[in-house]
Amino acid sequence: MFYHKLKPFPENFLWGASTSAYQVEGAYQEDGKGLSVQDMHEPPHGITDFKVASDHYHHMLEDVKLMAEMGLKAYRFSIAWSRILPDGDGEINQKGIDFYQDLINALIANHIEPIVTMYHFDLPYELHKQGGWCNRKTIDAFEKYARILFENYGDKVKYWLTINEQNVMINHPNAMNPGRIPSKKELYQQCHNMFVAAAKATVLCHELCPNGKIGPAPNITAIYPEKCNPADVIAADNWESIRCWLYLDMAVYGRYNTLVWSYLEEKGYTPIIEEGDMEIIQQGKPDFLGVNYYATATVCEAKNDGTDCQPRNGDQQVMIGEEGVYRAAVNHYLEETQFGWMIDSIGMRVTLRRIYDRYHLPLLITENGLGAKDEMSEDGKIHDAYRIDYLIRHFHQAQLAISDGVDLIGYCPWAFIDLVSTHQGYGKRYGFVYVDREEQDLKELKRMKKDSFYWYQQVIKQNGLD
Ligand code: BGP
């Protein structure tokens, strides 16, 4: 149990890498694409917007060639809803359909399994204007969009992810809501409507794609109590349920987590549940669970004196606390990244064990990686030994989790290529491939292989670490 003979990574393990449409594609208004909420976002001073990003839209074949050279077995990308349906609900944009058709064909020709996220933070702006996820019309629009995706790509794409980080969109709503930030009550209505939409898409996938497998992709992490003081343990339990189990209990069991429902009732945040909602949620059973993991969080007992909530930069891994529910605490055992995210590879093993134990479904790591201020050295190369070190530690823990009995089917680090970070623009890089551009100066957007590119190539070749 503690000093295993390590089990090997399974044969056919999906060694992959991830991106998302609005962070990598650029071409934000090209070939008929409609605007998304991300296109309407005003970045902080000096930080880039998402209009050009890594210009993957125009470098797609070159990028797939690099994926093939690295030996990727899988590539997780998202489809921009507003490229397929510019206003989210009306006419289909054929050029949008064709772009992803070409991408999927190029991946398959290079023996790379496409893993498609249907919706990654970029709600079409037209839907947002009509109330976004507070409006039930968005549920129907998502179902229509899902049908278009399954009809067009269902014969080639086996792995589908419904919604990326629904829990982040609810707990850190600033980046997804240009204009007014919704109230908590509205956010939990949005959340409920997303559960219904994801369930409808799941049912449809099973109907239309006989070989399709579909699941959610929340951001899940174990929450630690600061001390063994039982009141800290309760606070950790509170936050773990609100942040994580609510989302997976709904997806897998089709019911609201008991503790969270009591919390919603007490706070007056309960959503309106229409007739038939819970039935459809129960029918939409996932085949596997995507897991985005970056860092554990540590909390202590809330003081309930008006100081428990300390809003920071809105960053998705930085806890803010909630009055009377939990309070953010510091974990002195862990180091931080340059951007203040905890580095906790063992925490990933803990997280995988907890998820598998609760749900017993195959798990796919859909995101994990190190954001850093990579720089080109004088020799013109990018020596990102710190990223290799980070990934070695996490891969090792993934292998320990497999040895614990967790059914882990793949690992898609964030990100295949440098792209625009959700909050820190181009100054925070994650890729195996460097893109030569600055925050504002686009230069030639040239692609360059980092040291981690060659290292990951070896890992994939030998199906695991040395
Ligand atoms: C996840 C998102 C990704 C990605 C990643 C890194 O929460 O799903 O879209 O951005 O975090 O975050 P950041 O870009 O803020 O460093």
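Residues numbered from 1 in each chain as written. Predicted model: local features only at pLDDT ≥ 70, side-chain atom pairs only at ≥ 80, totals over all residues.

## Some points on the overall build of the protein chain
No. 1: A tally of regular secondary structure across the protein chain gives 14 helices and 15 strands.
No. 2: On C-alpha atoms alone, the protein chain measures out to a radius of gyration of 21 Å, which is about the 23 Å that the 2.2 N^0.38 rule sets for 466 residues.
No. 3: Taking the principal axes of its C-alpha atoms as reference, the protein chain extends roughly 55 × 55 × 45 Å.
No. 4: Residue pairs in contact within the protein chain that sit at least 24 positions apart in sequence constitute 77% of those at least 6 positions apart. (Helix = DSSP H or I, 4+ residues; strand = E, 2+ residues; numbered from the N terminus. Rg over C-alpha atoms; globule rule 2.2 N^0.38 Å. Contact = placed C-beta atoms within 7 Å.)

## Remarks on helix 2 (residues 56–70)
No. 1: The end-to-end C-alpha separation of helix 2 is 17 Å, well short of the 21 Å expected for 15 residues at 1.5 Å each.
No. 2: Bending of helix 2 peaks at approximately 45 degrees at the position of Glu62.
No. 3: All of the buried residues along helix 2 are His56, Tyr57, His59, Asp63, Val64, Met67 and Met70.
No. 4: Packing partners of the buried residues in helix 2 comprise helix 1 (21–24), strand 2 (74–78), helix 4 (94–109) and helix 14 (451–461).
No. 5: Following helix 2 by one or two positions, Gly71 has its phi on the positive side, about 90 degrees. (Expected span 1.5 Å × (residues − 1). Bend = angle between axes of the 7 residues up to and from the residue. Buried ≥ 20, exposed ≤ 12 C-beta atoms within 10 Å, placed from the backbone.)

## Here's the deal with the pairing of strand 12 (residues 363–367)
No. 1: With five of five residues buried, strand 12 lies mostly within the body of the structure.
No. 2: Sheet topology places strand 12 next to strand 13 (residues 408–411); three bridges connect them, and they run parallel. Bridging across to strand 13, Leu363 finds its partner in Leu408.
No. 3: For the crossover that starts at strand 12, traverses helix 13 (residues 385–404) and ends in the parallel strand 13, the hand is right-handed. (Pairing = 2+ DSSP bridges. Right-handed = clockwise from strand over helix to strand, strands pointing away.)

## Digging into the sheet that holds strand 12
No. 1: Across the sheet, four strands lie side by side as 1-13-12-7; this open sheet has parallel pairing. Only two strands of the sheet have a single partner each, and these edge strands are strand 1 (14–15) and strand 7 (289–292).

## Brief notes about the sheet that holds strand 9 (residues 327–328)
The pairing of strands in a sheet happens through backbone hydrogen bonds and is either parallel or antiparallel.
No. 1: Strand order across the open sheet formed by three strands is 6-8-9, with mixed pairing between neighbours. The open sheet has two edge strands, strand 6 (223–225) and strand 9, and neither has a second partner.
No. 2: Helix-sheet contacts for helix 9 (residues 230–253) involve strand 6, strand 8 (297–300) and strand 9, and the interaxial angle to strand 6 is about 170 degrees. (Axes fitted to C-alpha atoms, helices over the stretch in contact; angles between N-to-C directions.)

## Some remarks on the UniProt feature "active site" (unreviewed entry) in the protein chain
No. 1: Those residues carrying the UniProt feature "active site" (unreviewed entry) are Glu367 in this numbering.
No. 2: With respect to the helices and strands, Glu367 occurs in strand 12.
No. 3: Judged by local crowding, Glu367 falls into the buried class, with 24 C-beta atoms found within 10 Å.
No. 4: Apart from the residues within four sequence positions on either side, Glu367 is in contact with Ser18, Asn292, Cys412 and Trp414. (UniProt positions renumbered as here; feature names shortened; annotations may be inferred.)

## Some details on the packing of helix 13 against helix 14
No. 1: Axis separation between helix 13 and helix 14 bottoms out at 8 Å; the angle between their running directions is 30 degrees. The angle between the axes of helix 13 and helix 14 places the two elements in the roughly parallel class. Two packed elements cross with a definite hand, and for helix 13 against helix 14 that hand is right-handed. From helix 13, Ala385, Arg387, Ile388 and Phe395 reach across to helix 14, where they touch Asp451, Ser452, Trp455 and Val459.
No. 2: Looking at the contact of helix 13 with helix 14 residue by residue, the classes come out as five nonpolar, one polar and two charged. (Parallel < 35°, antiparallel > 145°, perpendicular 65-115°, else oblique. Left-handed = near helix turned anticlockwise from the far one by under 90°. Nonpolar A, V, L, I, M, F, W, Y, C, P; charged D, E, K, R; others polar.)

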